[in-house]
Amino acid sequence: MGRAINYMKGSVRLEVVGPYPERFLNICGASNVQFRHIERVDETCLRLVVPLHQARLAESLGPKCLCEVTRLSETGAPGFVRRMVRRWGMVAGMALSLLAVLILSRFVLVIDVTGNTTVPDSVILSELRECGMYPGVYGPAVDERKISNRMLMRMEELGFLSVNIRGVRAEIVVREAQLPPELEPVGEAIDLVAEKSGTVLTVLPQAGDPLVEEGAEVSAGDVLISGTVPVEKMPDLPATETYAVAAKGQVWAEVTEVCQVTTPLDTMGKEYTGAERTEYEVRLLGKGFKISPKAFQPFTYYDKIEKTWSISISEGEKLPFGWVRRTCREYRPVALQAEPDSAERYLRTLLEAQLRERIGEGGAVLDQHWSVETENGALTVTLTARCREQIARREEPAQRE
């Protein structure tokens, strides 16, 4: 206890040099100067410790006994405070650090999602933001049960969701819902109809009564495999009874696909003037604070380029603190003439991608023909292809009605 009191008051270690340093101790005792930890160095020198508030008085007593009194060191809280005051930058940093620990620990800075396999983290985090859970939210104000219930109502893909807040980190534990298997209708006839018109190449029925053969011409909507299957009682007599099934199978046909796209050759381009305007923004806890004047529309025509720097604690985990630089570059719209060859190559690429999407998985292009026309400043490219496609699709209930 005494050490703590002495530390709070402060103390000074003095060195006394003179012919009779013992007289200095007598004079200090007579002047009510407290001293302790006396150390005899030699016959003319000794050291002692006095309280900080009596150090000047002890130093003034040295000439009375023909001694020289020198300060060696100072310890205690008052000296530490004086040194810290001179280092105001370090004091301010310590204060801000302490303030950050006390305040930021009340906010959620990192959100971890675990347990999901098919639903992406980005989708879950986006829905959590809509429900009021995002980096920077005030932790004590978060109703974990309410957020869990709202998330389960918004996302049918999830069967369970739990929100666990531990300090500045929130753990979102999810379990994806087990969707029931699709049940085949019983006692209901479902047909496979032609999705496109064409010439039948191959019929591969799995269930149902096939109504078309190889080489037959079919139109979109024609029944290919019927779900109403006749029951043959006698080989020489017509069927008098039927039973209903959900038709299954594949019907491959030769289909003519026509893809066409048009683009103008006269387009508008950009010519940059060199004028720029830059804005800066600080983002704290999910909110942006402008630190430079913001113009609603700095130029008539301009491009906006935004670059963000964020504080990361690990790979893929960023804190809700960042710095944004937004640059607006002015340009003038100018008329440009597109190169016909370049435009044609680009349109051919688009049409080939469109054709691959149409023929679907397993389909093939048997033959194709290109035609290019330029009229009224526009380029038109047409792709006519003869393809092998699977055209059978299940008839929807609305269509049967």
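Rules of the game
- Residue positions are counted from 1 within each chain, in the order its sequence is given.
- In keeping with the model being predicted, local features are shown solely for residues with a pLDDT of at least 70 and side-chain atom pairs are shown and tallied solely at 80 or more, while totals for entire chains, interfaces and linings include all residues.
- Hydrogens are left out, water is left out, and the side-chain values use all remaining heavy atoms of the structure.
- Any two strands with at least two DSSP bridges between them are considered paired.
- By the criteria applied, helices consist of DSSP H or I runs no shorter than four residues and strands consist of E runs no shorter than two, each listed in order from the N terminus.
- Note on definitions: angles span 0 to 180 degrees between N-to-C directions of axes, and those axes are lines fitted to C-alpha atoms, for helices only across the stretch in contact.
- Contact between two residues is taken to exist if any of their heavy atoms lie within 4.5 Å; hydrogens are not considered.
- When two rings of Phe, Tyr or Trp (its six-membered ring) have centres within 6.5 Å they constitute a pair, described as stacked for plane angles under 30 degrees, edge-to-face for angles over 60, and tilted for the intermediate range.
- Each residue is assigned to one of three classes by its accessible area relative to the maximum for its type, calculated with a 1.4 Å probe on protein chains only: buried under 20%, partly exposed between the two thresholds, exposed over 50%.
- Patches here: salt-bridge-free residues with over 30% relative accessible area, like charges joined within 9 Å, nonpolar side chains (Val, Leu, Ile, Met, Phe, Trp, Tyr) joined within 5 Å.
- Note on areas: Shrake-Rupley, 1.4 Å probe, and residue coverage restricted to the protein chains presented here.
- Just to be clear on terms, a salt bridge is a Lys or Arg side-chain nitrogen sitting within 4 Å of an Asp or Glu carboxyl oxygen.
- Any cysteine sulfur atom paired with another within 2.5 Å is treated as part of a disulfide.
- Angle categories are assigned with fixed cut-offs, so that under 35 degrees is roughly parallel, over 145 is roughly antiparallel, 65 to 115 is roughly perpendicular, and the rest are oblique.
- What makes a crossing left-handed is the near helix being turned counterclockwise from the far one by less than a right angle; a clockwise turn instead makes it right-handed.
- Three residue categories are used. Nonpolar comprises Ala, Val, Leu, Ile, Met, Phe, Trp, Tyr, Cys and Pro, charged comprises Asp, Glu, Lys and Arg, and polar comprises the others, including Gly.

Notes on the sheet that holds strand E5 (residues 110-114)
- Here we have three strands laid out as an open sheet, ordered E5-E7-E6, and mixed in their pairing. The open sheet is flanked by E5 and strand E6 (158-166), the only strands paired with a single partner. Strand-to-strand, the axes of this sheet are offset by a mean angle of 15°, without reference to chain direction.
- Relative to strand E7 (residues 169-176), E6 is paired through eight bridges, and the arrangement is antiparallel. Of the residues in E7, the one forming a bridge with arginine 166 is arginine 169.
- Along the sheet, helix H6 (residues 121-130) makes contact with E5 and E7, crossing E5 at roughly 125°.

What to know about the packing of aromatic side chains
- Evaluation of the coordinates by the stated rule reveals four aromatic pairs.
- The interplanar angle of 65° and the centroid separation of 5.4 Å between the aromatic rings of phenylalanine 107 and tyrosine 138 together place this pair among those described as edge-to-face. Residue phenylalanine 107 is found in the loop between helix H5 (88-104) and E5, and its partner tyrosine 138 is found in the loop between H6 and helix H7 (144-154); the two are separated by 31 residues along the sequence.
- Among the residues examined, phenylalanine 107 registers a relative accessible area of 17% and is labelled buried.
- Given a relative accessible area of 36%, tyrosine 138 falls into the partly exposed group.

What about a nonpolar patch on the surface?
- A grouping of Leu96, Leu98, Leu99, Leu102 and Ile103 is seen on the molecular surface, where their side chains present a nonpolar patch of about 510 Å² in accessible area.
- Relative to the helices and strands, isoleucine 103 resides in helix H5.
- Looking at isoleucine 103, the relative accessible area reads 40%, which means it is partly exposed.

Description of the state of the cysteines
- In total, this model carries zero disulfides according to the counting rule given.
- Looking at the unpaired cysteine 387, the closest cysteine sulfur is the one in cysteine 259, lying at 7.9 Å.

Description of the packing of H6 against H7
- The contact between H6 and H7 brings their axes to 10 Å, and the two run at 120°. As summarised for this structure, H6 and H7 are arranged oblique, according to the angle between their axes. Here H6 and H7 pass one another in a crossing that is right-handed. Each of Ile124, Glu127, Leu128 and Glu130 in H6 lies in contact with H7, whose residues at this interface are Ile147, Arg150, Met151 and Arg154.
- Among the residues forming the contact of H6 with H7, the class breakdown is four nonpolar, no polar and four charged.

Comments concerning the pairing of strand E3 (residues 45-51)
- Most of E3 is tucked away, with six of its seven residues classed as buried.
- Summarising the sheet, strand E1 (residues 11-17) and E3 pair through seven bridges and their orientation is antiparallel. From the neighbouring strand, arginine 13 faces E3, where its bridge partner is valine 49.
- Pairing between strand E2 (residues 36-42) and E3: four bridges, direction antiparallel. Counterpart to arginine 36 in the pairing with E3 is valine 49.

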